[in-house]
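A structural walkthrough
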Amino acid sequence: MDVLPLLKSLGVPTGSVGKGVLRVVSPVDGSTLTSLPPASPDNVNRAVVRAQEAFLAWRMVPAPRRGELIRRFGDTLRAHKEPLARLVTLECGKILEEARGEVQEMIDICDFACGLSRQLYGLTMASERPGHRMAETWHPLGVVGVISAFNFPVAVWAWNFCLAVVCGNPVLWKPSDKTPLCALAAHALFLQAARQFEGAPADLSQVLIGGADTGKALAADARVALLSATGSTRMGRAVAPVVAARFGRSLLELGGNNAMVVTASADLDLAAQAILFSAAGTAGQRCTSLRRLLVHTSVAKKLLVRVGAAFGKVPVGNPLKSGTLVGPLIDGAAWDAMAAALARAGKAGGTVEHGGRVRVPGCSGGFYARPALVKMPAQHDVVHTETFAPILYAMTWRHFDDAIAMNNAVPQGLSSAIFTSDVREAETFLSATGSDCGIANVNIGTSGAEIGGAFGGEKETGGGREAGSDAWKNYMRRATNTVNHSRALPLAQGIRFTI
Ligand code: UN1
(Lines give C-alpha, C1' and ligand atoms only; values in the text may rest on other atoms or scores of the structure.)
Protein backbone atom coordinates (compact mmCIF):
# COMPACT_ATOMS: atom_id res chain seq x y z
CA MET A 1 0.00 0.00 0.00
CA ASP A 2 1.42 3.34 -1.04
CA VAL A 3 0.81 5.67 1.86
CA LEU A 4 2.81 8.63 0.52
CA PRO A 5 0.03 10.23 -1.58
CA LEU A 6 -2.29 10.03 1.43
CA LEU A 7 0.31 11.66 3.69
CA LYS A 8 0.91 14.39 1.11
CA SER A 9 -2.83 15.10 0.82
CA LEU A 10 -2.84 15.64 4.58
CA GLY A 11 0.11 18.03 4.38
CA VAL A 12 2.66 15.78 6.10
CA PRO A 13 6.23 16.76 5.12
CA THR A 14 7.61 13.56 3.68
CA GLY A 15 11.32 14.38 4.05
CA SER A 16 11.96 11.94 6.89
CA VAL A 17 9.28 9.43 5.87
CA GLY A 18 10.88 6.20 4.74
CA LYS A 19 14.13 6.98 6.57
CA GLY A 20 14.48 5.40 9.98
CA VAL A 21 14.44 2.25 12.02
CA LEU A 22 10.83 2.38 13.23
CA ARG A 23 8.86 0.20 10.82
CA VAL A 24 5.19 1.17 10.43
CA VAL A 25 3.03 -1.84 9.65
CA SER A 26 -0.58 -1.88 8.49
CA PRO A 27 -2.70 -4.34 10.47
CA VAL A 28 -4.96 -4.59 7.40
CA ASP A 29 -2.56 -6.93 5.60
CA GLY A 30 0.68 -6.89 7.59
CA SER A 31 2.46 -4.88 4.92
CA THR A 32 5.08 -2.27 5.76
CA LEU A 33 3.64 1.19 5.14
CA THR A 34 6.92 3.02 5.67
CA SER A 35 9.56 3.63 8.31
CA LEU A 36 10.39 6.64 10.45
CA PRO A 37 13.29 7.89 12.58
CA PRO A 38 12.50 7.81 16.33
CA ALA A 39 13.31 10.82 18.52
CA SER A 40 16.62 10.73 20.40
CA PRO A 41 16.88 11.82 24.08
CA ASP A 42 18.44 15.03 22.80
CA ASN A 43 15.42 15.60 20.51
CA VAL A 44 13.16 15.22 23.54
CA ASN A 45 15.13 17.78 25.50
CA ARG A 46 15.09 20.29 22.67
CA ALA A 47 11.37 19.77 22.15
CA VAL A 48 10.71 20.54 25.81
CA VAL A 49 12.78 23.74 25.57
CA ARG A 50 10.82 24.84 22.50
CA ALA A 51 7.52 24.01 24.18
CA GLN A 52 8.51 26.14 27.18
CA GLU A 53 9.14 29.07 24.84
CA ALA A 54 5.78 28.54 23.18
CA PHE A 55 4.15 28.51 26.62
CA LEU A 56 5.55 31.93 27.55
CA ALA A 57 3.98 33.47 24.45
CA TRP A 58 0.73 31.51 24.33
CA ARG A 59 -0.32 32.10 27.94
CA MET A 60 -0.48 35.83 27.13
CA VAL A 61 -3.05 35.32 24.37
CA PRO A 62 -6.64 35.77 25.62
CA ALA A 63 -8.48 32.46 25.97
CA PRO A 64 -11.28 33.27 23.46
CA ARG A 65 -8.60 34.03 20.88
CA ARG A 66 -6.96 30.68 21.71
CA GLY A 67 -10.38 29.15 21.14
CA GLU A 68 -10.52 30.74 17.69
CA LEU A 69 -7.38 28.80 16.68
CA ILE A 70 -9.01 25.56 17.76
CA ARG A 71 -12.19 26.51 15.89
CA ARG A 72 -10.10 26.85 12.75
CA PHE A 73 -8.41 23.52 13.47
CA GLY A 74 -11.91 22.02 13.51
CA ASP A 75 -12.56 23.51 10.07
CA THR A 76 -9.30 22.02 8.76
CA LEU A 77 -10.32 18.63 10.13
CA ARG A 78 -13.76 18.90 8.48
CA ALA A 79 -12.05 19.57 5.15
CA HIS A 80 -9.76 16.53 5.56
CA LYS A 81 -12.09 14.12 7.31
CA GLU A 82 -12.05 11.45 4.63
CA PRO A 83 -8.28 11.12 4.02
CA LEU A 84 -7.54 11.26 7.75
CA ALA A 85 -10.12 8.55 8.41
CA ARG A 86 -8.54 6.45 5.69
CA LEU A 87 -5.12 6.80 7.29
CA VAL A 88 -6.61 5.80 10.67
CA THR A 89 -8.02 2.66 9.06
CA LEU A 90 -4.76 1.84 7.30
CA GLU A 91 -2.62 2.28 10.39
CA CYS A 92 -4.80 0.98 13.23
CA GLY A 93 -7.22 -1.27 11.35
CA LYS A 94 -10.58 0.03 12.56
CA ILE A 95 -13.32 0.00 9.92
CA LEU A 96 -13.72 3.18 7.87
CA GLU A 97 -17.11 3.94 9.41
CA GLU A 98 -15.55 3.97 12.88
CA ALA A 99 -12.49 5.86 11.65
CA ARG A 100 -14.81 8.59 10.37
CA GLY A 101 -16.44 8.56 13.79
CA GLU A 102 -13.02 9.02 15.37
CA VAL A 103 -12.27 12.08 13.21
CA GLN A 104 -15.76 13.39 14.04
CA GLU A 105 -14.83 13.02 17.70
CA MET A 106 -11.86 15.36 17.02
CA ILE A 107 -14.17 17.88 15.34
CA ASP A 108 -16.60 17.65 18.24
CA ILE A 109 -13.90 18.38 20.81
CA CYS A 110 -12.73 21.37 18.72
CA ASP A 111 -16.25 22.81 18.90
CA PHE A 112 -16.47 22.04 22.60
CA ALA A 113 -13.06 23.59 23.36
CA CYS A 114 -13.85 26.71 21.33
CA GLY A 115 -17.02 27.30 23.37
CA LEU A 116 -15.13 26.49 26.53
CA SER A 117 -12.57 29.19 25.74
CA ARG A 118 -15.16 31.74 26.91
CA GLN A 119 -16.20 29.70 29.93
CA LEU A 120 -13.06 29.04 31.97
CA TYR A 121 -14.98 30.11 35.02
CA GLY A 122 -13.71 30.46 38.56
CA LEU A 123 -15.94 30.66 41.63
CA THR A 124 -16.42 33.62 43.94
CA MET A 125 -16.71 32.73 47.60
CA ALA A 126 -18.31 34.61 50.49
CA SER A 127 -15.49 35.90 52.67
CA GLU A 128 -15.96 35.69 56.44
CA ARG A 129 -14.21 39.07 56.80
CA PRO A 130 -15.86 42.46 56.17
CA GLY A 131 -14.57 44.41 53.17
CA HIS A 132 -12.95 41.32 51.65
CA ARG A 133 -13.53 39.55 48.41
CA MET A 134 -12.58 35.93 47.72
CA ALA A 135 -12.42 34.41 44.28
CA GLU A 136 -10.45 31.91 42.29
CA THR A 137 -8.70 32.43 38.97
CA TRP A 138 -7.53 29.82 36.51
CA HIS A 139 -4.21 30.21 34.72
CA PRO A 140 -2.40 28.23 32.03
CA LEU A 141 -0.45 25.34 33.54
CA GLY A 142 2.64 24.82 31.39
CA VAL A 143 3.95 22.17 29.01
CA VAL A 144 1.55 19.25 28.61
CA GLY A 145 2.81 15.79 27.57
CA VAL A 146 0.39 13.38 25.91
CA ILE A 147 1.00 9.65 25.53
CA SER A 148 -1.66 8.02 23.37
CA ALA A 149 -2.55 4.46 22.39
CA PHE A 150 -2.90 2.78 18.99
CA ASN A 151 -6.65 2.16 19.20
CA PHE A 152 -7.69 5.82 19.14
CA PRO A 153 -4.67 7.20 17.31
CA VAL A 154 -6.03 10.74 16.85
CA ALA A 155 -9.17 11.39 18.95
CA VAL A 156 -7.67 10.91 22.40
CA TRP A 157 -4.80 13.27 21.56
CA ALA A 158 -7.39 15.77 20.27
CA TRP A 159 -9.32 15.63 23.57
CA ASN A 160 -6.14 16.58 25.37
CA PHE A 161 -4.69 18.88 22.76
CA CYS A 162 -7.76 21.06 22.16
CA LEU A 163 -8.38 21.58 25.86
CA ALA A 164 -4.71 22.14 26.65
CA VAL A 165 -4.32 24.74 23.89
CA VAL A 166 -7.48 26.63 24.80
CA CYS A 167 -6.25 26.62 28.40
CA GLY A 168 -3.01 28.27 27.25
CA ASN A 169 -0.57 25.35 27.04
CA PRO A 170 1.67 23.77 24.38
CA VAL A 171 1.53 20.00 23.87
CA LEU A 172 4.25 17.41 23.30
CA TRP A 173 2.72 14.26 21.86
CA LYS A 174 4.23 10.79 22.04
CA PRO A 175 1.85 8.64 20.00
CA SER A 176 1.85 4.86 20.07
CA ASP A 177 4.79 3.56 18.03
CA LYS A 178 2.19 1.50 16.15
CA THR A 179 0.39 4.60 14.81
CA PRO A 180 2.94 7.39 14.25
CA LEU A 181 1.64 8.36 10.79
CA CYS A 182 -1.78 9.31 12.18
CA ALA A 183 0.04 11.55 14.66
CA LEU A 184 2.11 13.23 11.96
CA ALA A 185 -1.05 13.82 9.93
CA ALA A 186 -3.12 15.28 12.80
CA HIS A 187 -0.18 17.51 13.75
CA ALA A 188 0.26 18.64 10.12
CA LEU A 189 -3.44 19.57 9.92
CA PHE A 190 -3.09 21.63 13.08
CA LEU A 191 -0.05 23.41 11.62
CA GLN A 192 -2.08 24.18 8.52
CA ALA A 193 -4.64 25.97 10.71
CA ALA A 194 -1.95 27.63 12.88
CA ARG A 195 0.00 29.02 9.91
CA GLN A 196 -2.96 31.19 9.00
CA PHE A 197 -3.49 32.41 12.52
CA GLU A 198 -1.72 35.51 13.69
CA GLY A 199 -0.10 35.05 17.09
CA ALA A 200 0.19 31.27 17.28
CA PRO A 201 3.75 30.56 18.45
CA ALA A 202 5.73 27.88 16.65
CA ASP A 203 5.84 24.62 18.62
CA LEU A 204 2.41 24.79 20.24
CA SER A 205 2.18 21.25 18.93
CA GLN A 206 5.09 18.84 18.65
CA VAL A 207 5.24 15.12 17.95
CA LEU A 208 7.87 12.83 19.43
CA ILE A 209 8.00 9.52 17.62
CA GLY A 210 9.32 6.75 19.81
CA GLY A 211 8.67 3.89 22.18
CA ALA A 212 8.49 3.44 25.93
CA ASP A 213 11.81 5.27 26.48
CA THR A 214 10.45 8.47 24.94
CA GLY A 215 7.36 8.22 27.15
CA LYS A 216 9.54 7.70 30.21
CA ALA A 217 11.66 10.73 29.30
CA LEU A 218 8.52 12.90 29.27
CA ALA A 219 7.39 11.39 32.57
CA ALA A 220 10.72 12.15 34.22
CA ASP A 221 11.05 15.71 32.92
CA ALA A 222 10.14 18.24 35.63
CA ARG A 223 9.45 20.84 32.92
CA VAL A 224 6.42 18.80 31.80
CA ALA A 225 3.68 20.14 34.09
CA LEU A 226 1.03 17.57 33.18
CA LEU A 227 1.44 14.14 31.67
CA SER A 228 -1.76 12.72 30.23
CA ALA A 229 -1.30 9.04 29.45
CA THR A 230 -3.71 6.62 27.81
CA GLY A 231 -2.89 2.93 27.50
CA SER A 232 -2.54 -0.24 29.49
CA THR A 233 -2.44 -0.44 33.27
CA ARG A 234 1.11 -1.76 32.86
CA MET A 235 2.12 1.45 31.08
CA GLY A 236 0.41 3.51 33.79
CA ARG A 237 2.32 1.66 36.49
CA ALA A 238 5.59 2.50 34.73
CA VAL A 239 4.82 6.17 34.14
CA ALA A 240 2.71 7.38 37.10
CA PRO A 241 5.27 6.85 39.90
CA VAL A 242 7.90 8.68 37.85
CA VAL A 243 5.63 11.73 37.47
CA ALA A 244 4.58 11.53 41.13
CA ALA A 245 8.20 11.36 42.32
CA ARG A 246 8.77 14.85 40.92
CA PHE A 247 5.32 16.07 42.12
CA GLY A 248 4.14 16.47 38.53
CA ARG A 249 0.51 16.12 37.59
CA SER A 250 -0.72 13.09 35.73
CA LEU A 251 -4.00 12.26 34.05
CA LEU A 252 -4.35 8.53 33.55
CA GLU A 253 -6.78 6.68 31.34
CA LEU A 254 -5.77 3.04 31.62
CA GLY A 255 -7.37 -0.37 31.26
CA GLY A 256 -11.07 -1.12 31.39
CA ASN A 257 -13.00 -4.32 32.01
CA ASN A 258 -16.45 -3.18 31.22
CA ALA A 259 -19.64 -5.04 32.09
CA MET A 260 -23.26 -4.88 31.04
CA VAL A 261 -25.95 -6.03 33.44
CA VAL A 262 -29.07 -7.36 31.68
CA THR A 263 -32.09 -7.74 33.95
CA ALA A 264 -35.28 -9.77 33.52
CA SER A 265 -37.22 -6.70 32.34
CA ALA A 266 -34.64 -5.62 29.72
CA ASP A 267 -35.54 -4.92 26.10
CA LEU A 268 -33.54 -7.78 24.63
CA ASP A 269 -33.65 -6.39 21.07
CA LEU A 270 -31.87 -3.25 22.21
CA ALA A 271 -29.51 -5.19 24.45
CA ALA A 272 -28.48 -7.52 21.62
CA GLN A 273 -27.69 -4.61 19.30
CA ALA A 274 -25.74 -2.79 21.98
CA ILE A 275 -23.77 -5.94 22.83
CA LEU A 276 -22.74 -6.44 19.21
CA PHE A 277 -21.39 -2.90 18.84
CA SER A 278 -19.76 -2.74 22.26
CA ALA A 279 -18.15 -6.19 22.24
CA ALA A 280 -17.34 -6.79 18.57
CA GLY A 281 -16.96 -3.20 17.35
CA THR A 282 -13.37 -1.99 16.85
CA ALA A 283 -12.52 -5.72 17.13
CA GLY A 284 -12.85 -5.37 20.91
CA GLN A 285 -9.99 -2.89 20.98
CA ARG A 286 -11.60 0.06 22.75
CA CYS A 287 -10.84 0.70 26.36
CA THR A 288 -14.64 0.93 26.65
CA SER A 289 -15.25 -2.40 24.85
CA LEU A 290 -17.77 -4.69 26.49
CA ARG A 291 -15.92 -7.62 28.05
CA ARG A 292 -18.41 -9.02 30.58
CA LEU A 293 -22.09 -9.76 30.11
CA LEU A 294 -23.96 -10.30 33.38
CA VAL A 295 -27.41 -11.68 32.58
CA HIS A 296 -30.35 -12.60 34.77
CA THR A 297 -30.88 -16.38 34.62
CA SER A 298 -34.44 -15.99 33.32
CA VAL A 299 -33.34 -14.32 30.06
CA ALA A 300 -29.83 -15.74 29.71
CA LYS A 301 -30.60 -18.51 27.27
CA LYS A 302 -32.66 -16.31 24.94
CA LEU A 303 -30.10 -13.50 24.90
CA LEU A 304 -27.01 -15.68 24.58
CA VAL A 305 -28.45 -17.57 21.62
CA ARG A 306 -28.94 -14.23 19.86
CA VAL A 307 -25.50 -12.94 20.75
CA GLY A 308 -23.87 -16.21 19.66
CA ALA A 309 -25.72 -16.06 16.32
CA ALA A 310 -24.72 -12.42 15.78
CA PHE A 311 -21.05 -13.19 16.56
CA GLY A 312 -21.25 -16.10 14.10
CA LYS A 313 -22.35 -13.94 11.22
CA VAL A 314 -20.93 -10.46 11.86
CA PRO A 315 -18.83 -9.61 8.78
CA VAL A 316 -15.12 -9.88 9.68
CA GLY A 317 -12.77 -8.64 6.99
CA ASN A 318 -10.89 -5.86 5.27
CA PRO A 319 -11.75 -2.66 7.19
CA LEU A 320 -11.45 -0.56 4.02
CA LYS A 321 -14.33 -2.47 2.42
CA SER A 322 -17.88 -1.30 3.02
CA GLY A 323 -19.99 -3.92 4.73
CA THR A 324 -17.20 -5.06 7.05
CA LEU A 325 -18.03 -4.55 10.72
CA VAL A 326 -15.02 -6.19 12.37
CA GLY A 327 -11.51 -5.39 11.14
CA PRO A 328 -8.18 -6.90 12.18
CA LEU A 329 -6.46 -7.03 15.54
CA ILE A 330 -3.52 -4.68 15.74
CA ASP A 331 -0.87 -7.43 15.38
CA GLY A 332 0.12 -11.04 15.93
CA ALA A 333 0.79 -10.48 19.63
CA ALA A 334 -2.85 -9.37 20.04
CA TRP A 335 -4.02 -12.58 18.36
CA ASP A 336 -1.73 -14.64 20.61
CA ALA A 337 -3.17 -12.90 23.68
CA MET A 338 -6.70 -13.61 22.48
CA ALA A 339 -5.95 -17.29 21.82
CA ALA A 340 -4.22 -17.63 25.21
CA ALA A 341 -7.16 -16.03 27.05
CA LEU A 342 -9.63 -18.34 25.32
CA ALA A 343 -7.51 -21.36 26.24
CA ARG A 344 -7.37 -20.22 29.88
CA ALA A 345 -11.11 -19.61 29.94
CA GLY A 346 -11.71 -23.10 28.54
CA LYS A 347 -9.52 -24.62 31.26
CA ALA A 348 -11.49 -22.70 33.90
CA GLY A 349 -14.71 -24.33 32.75
CA GLY A 350 -15.81 -21.80 30.13
CA THR A 351 -17.62 -22.83 26.95
CA VAL A 352 -16.14 -20.99 23.98
CA GLU A 353 -18.31 -20.18 20.99
CA HIS A 354 -16.56 -18.82 17.86
CA GLY A 355 -13.34 -16.84 18.38
CA GLY A 356 -11.27 -18.49 15.66
CA ARG A 357 -8.80 -16.86 13.30
CA VAL A 358 -10.38 -15.66 10.05
CA ARG A 359 -8.41 -15.73 6.80
CA VAL A 360 -9.25 -12.68 4.72
CA PRO A 361 -8.47 -12.82 0.99
CA GLY A 362 -5.84 -10.26 0.00
CA CYS A 363 -4.98 -9.59 3.66
CA SER A 364 -2.89 -12.65 4.43
CA GLY A 365 -0.51 -10.81 6.80
CA GLY A 366 -3.36 -9.47 8.95
CA PHE A 367 -4.66 -11.04 12.18
CA TYR A 368 -8.42 -11.29 11.93
CA ALA A 369 -10.55 -12.97 14.58
CA ARG A 370 -14.21 -13.84 14.84
CA PRO A 371 -15.57 -12.42 18.11
CA ALA A 372 -15.80 -15.02 20.87
CA LEU A 373 -18.66 -15.58 23.31
CA VAL A 374 -17.50 -17.47 26.39
CA LYS A 375 -20.03 -18.79 28.88
CA MET A 376 -18.24 -18.81 32.21
CA PRO A 377 -19.38 -20.59 35.38
CA ALA A 378 -17.99 -17.68 37.45
CA GLN A 379 -15.72 -14.62 37.21
CA HIS A 380 -12.47 -16.57 37.05
CA ASP A 381 -9.08 -14.79 37.00
CA VAL A 382 -9.05 -14.60 33.23
CA VAL A 383 -12.26 -12.53 33.41
CA HIS A 384 -10.53 -10.09 35.75
CA THR A 385 -7.84 -9.40 33.15
CA GLU A 386 -8.32 -7.02 30.24
CA THR A 387 -7.51 -8.80 26.98
CA PHE A 388 -7.55 -6.29 24.14
CA ALA A 389 -9.55 -8.46 21.72
CA PRO A 390 -13.18 -9.33 20.93
CA ILE A 391 -13.90 -11.74 23.78
CA LEU A 392 -17.16 -11.48 25.68
CA TYR A 393 -17.44 -13.48 28.91
CA ALA A 394 -21.04 -14.21 29.88
CA MET A 395 -22.11 -15.01 33.44
CA THR A 396 -25.52 -15.29 35.09
CA TRP A 397 -27.05 -14.04 38.33
CA ARG A 398 -30.33 -14.40 40.28
CA HIS A 399 -30.32 -11.49 42.73
CA PHE A 400 -29.81 -7.90 41.64
CA ASP A 401 -27.31 -7.23 44.44
CA ASP A 402 -25.14 -10.01 43.04
CA ALA A 403 -25.22 -8.39 39.60
CA ILE A 404 -23.87 -5.14 41.05
CA ALA A 405 -21.27 -7.02 43.08
CA MET A 406 -20.12 -8.84 39.92
CA ASN A 407 -19.98 -5.57 37.98
CA ASN A 408 -17.69 -4.12 40.65
CA ALA A 409 -15.59 -7.23 41.33
CA VAL A 410 -12.78 -6.46 38.87
CA PRO A 411 -9.69 -4.28 39.44
CA GLN A 412 -10.62 -1.84 36.64
CA GLY A 413 -13.40 0.77 36.77
CA LEU A 414 -13.93 2.48 33.43
CA SER A 415 -17.35 1.84 31.88
CA SER A 416 -20.53 -0.07 32.73
CA ALA A 417 -24.11 -0.38 31.55
CA ILE A 418 -27.43 -1.78 32.61
CA PHE A 419 -30.32 -2.87 30.39
CA THR A 420 -33.58 -2.75 32.30
CA SER A 421 -37.09 -1.33 32.10
CA ASP A 422 -37.33 -1.12 35.88
CA VAL A 423 -36.60 2.36 37.21
CA ARG A 424 -35.56 1.01 40.61
CA GLU A 425 -32.88 -1.19 39.07
CA ALA A 426 -31.68 1.60 36.78
CA GLU A 427 -31.43 4.17 39.54
CA THR A 428 -29.81 1.73 41.97
CA PHE A 429 -27.18 0.92 39.34
CA LEU A 430 -26.40 4.65 39.01
CA SER A 431 -26.48 5.32 42.76
CA ALA A 432 -23.72 5.37 45.37
CA THR A 433 -24.31 1.65 46.00
CA GLY A 434 -24.35 0.81 42.28
CA SER A 435 -21.66 0.68 39.60
CA ASP A 436 -18.24 1.87 40.80
CA CYS A 437 -17.15 2.94 37.31
CA GLY A 438 -16.44 6.39 35.87
CA ILE A 439 -19.08 5.73 33.21
CA ALA A 440 -22.43 4.13 34.06
CA ASN A 441 -25.09 3.93 31.34
CA VAL A 442 -28.71 2.85 31.13
CA ASN A 443 -30.02 1.10 28.03
CA ILE A 444 -26.97 1.89 25.92
CA GLY A 445 -23.70 -0.02 25.62
CA THR A 446 -20.41 0.58 27.41
CA SER A 447 -18.56 2.09 24.45
CA GLY A 448 -19.07 5.05 22.17
CA ALA A 449 -19.25 7.88 24.71
CA GLU A 450 -19.89 11.43 23.53
CA ILE A 451 -17.17 14.01 24.17
CA GLY A 452 -19.42 16.28 26.28
CA GLY A 453 -19.11 14.12 29.39
CA ALA A 454 -15.98 13.58 31.47
CA PHE A 455 -14.27 10.41 30.23
CA GLY A 456 -12.28 8.12 32.50
CA GLY A 457 -12.60 5.71 35.38
CA GLU A 458 -11.66 4.55 38.83
CA LYS A 459 -9.37 1.94 40.41
CA GLU A 460 -6.78 0.55 37.96
CA THR A 461 -8.26 2.73 35.21
CA GLY A 462 -6.26 5.48 36.87
CA GLY A 463 -8.80 8.06 38.06
CA GLY A 464 -8.28 10.66 35.30
CA ARG A 465 -11.05 12.46 33.45
CA GLU A 466 -10.63 13.79 29.92
CA ALA A 467 -12.78 15.54 27.29
CA GLY A 468 -16.01 17.17 28.48
CA SER A 469 -17.58 18.50 31.66
CA ASP A 470 -14.91 20.22 33.79
CA ALA A 471 -11.97 18.06 32.61
CA TRP A 472 -10.37 21.34 31.43
CA LYS A 473 -9.36 22.00 35.04
CA ASN A 474 -6.60 19.41 34.62
CA TYR A 475 -4.88 21.75 32.18
CA MET A 476 -4.90 24.87 34.35
CA ARG A 477 -3.64 25.92 37.74
CA ARG A 478 -6.04 27.45 40.22
CA ALA A 479 -5.20 30.45 42.36
CA THR A 480 -7.38 31.45 45.29
CA ASN A 481 -7.38 35.23 45.67
CA THR A 482 -8.46 37.14 48.77
CA VAL A 483 -8.60 40.90 48.34
CA ASN A 484 -9.00 43.30 51.26
CA HIS A 485 -10.69 46.56 50.21
CA SER A 486 -11.34 47.78 53.77
CA ARG A 487 -9.24 49.98 56.04
CA ALA A 488 -8.74 47.28 58.65
CA LEU A 489 -6.83 44.01 58.73
CA PRO A 490 -9.09 41.42 60.36
CA LEU A 491 -7.62 37.94 60.48
CA ALA A 492 -9.51 34.82 59.50
CA GLN A 493 -10.84 32.53 62.24
CA GLY A 494 -11.19 35.63 64.46
CA ILE A 495 -7.53 35.53 65.50
CA ARG A 496 -6.19 38.70 67.21
CA PHE A 497 -2.54 39.44 66.64
CA THR A 498 -1.75 43.07 67.41
CA ILE A 499 0.78 44.88 69.59
C1 UN1 B 1 -10.48 4.59 24.13
O2 UN1 B 1 -10.79 3.47 23.79
O3 UN1 B 1 -9.36 4.85 24.62
O4 UN1 B 1 -16.25 5.93 24.39
C5 UN1 B 1 -11.34 5.79 23.93
C6 UN1 B 1 -15.64 5.48 23.41
C7 UN1 B 1 -14.85 6.44 22.56
C8 UN1 B 1 -13.51 6.69 23.14
C9 UN1 B 1 -12.73 5.46 23.49
N10 UN1 B 1 -15.58 7.67 22.47
O11 UN1 B 1 -15.67 4.30 23.10
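What you are looking at is a predicted structure, and each value in this text was computed from that prediction instead of being measured.

All right, on to the site of the ligand then. In the region of the ligand, the neighbouring residues are Glu 105, Asn 151, Phe 152, Trp 159, Glu 253, Arg 286, Cys 287, Thr 288, Ser 447, Gly 448, Ala 449 and Phe 455. Cys 287 is positioned with one of its backbone polar atoms (N or O) 2.8 Å from an oxygen atom of the ligand. Interatomic distance of 2.8 Å between a backbone N/O atom of Gly 448 and an oxygen atom of the ligand. Out of a free accessible area of 320 Å², the ligand has 99% covered by protein chains.

This next bit is on the pairing of strand S18 (residues 415-419). By the criterion of burial, S18 is predominantly enclosed, with five of the five residues buried. Side-chain alternation along S18 places Ser 415, Ala 417 and Phe 419 on one buried face and Ser 416 and Ile 418 on a second face that is also buried. Examined bridge by bridge, strand S10 (residues 258-262) and S18 share four bridges and lie parallel to one another. Note on S18: the bridge partner recorded for Val 262 is Phe 419. In this structure, S18 lies alongside strand S19 (residues 439-442), joined through four bridges in parallel fashion. Bridge assignment links Ser 416 to a residue of S19, and that residue is Ala 440. You can see the chain leave S18, run along helix H15 (residues 423-430) and come back into S19, and the turn it takes is right-handed.

Let us now look at the side chain of Thr 230. Along the polypeptide, Thr 230 turns up in strand S8 (residues 224-230). For Thr 230, a relative accessible area of 8% gives the class buried. Not counting residues within four places of it along the chain, the set of residues in contact with Thr 230 comprises Ile 147, Ser 148, Ala 149, Val 156, Met 235, Glu 253 and Glu 466.

Procedures and definitions
Residues numbered from 1 in each chain as written. Predicted model: local features only at pLDDT ≥ 70, side-chain atom pairs only at ≥ 80, totals over all residues. Heavy atoms only, no water. Near = heavy atom within 4 Å. Polar contact = N/O pair within 3.5 Å; in protein donor to acceptor, adjacent residues only side chain to side chain. Areas by Shrake-Rupley, 256 points an atom, 1.4 Å probe, with all protein chains shown as cover. Buried < 20%, exposed > 50% of the residue type's maximum accessible area, 1.4 Å probe, protein only. Helix = DSSP H or I, 4+ residues; strand = E, 2+ residues; numbered from the N terminus. Pairing = 2+ DSSP bridges. Right-handed = clockwise from strand over helix to strand, strands pointing away. Contact = heavy atoms within 4.5 Å.

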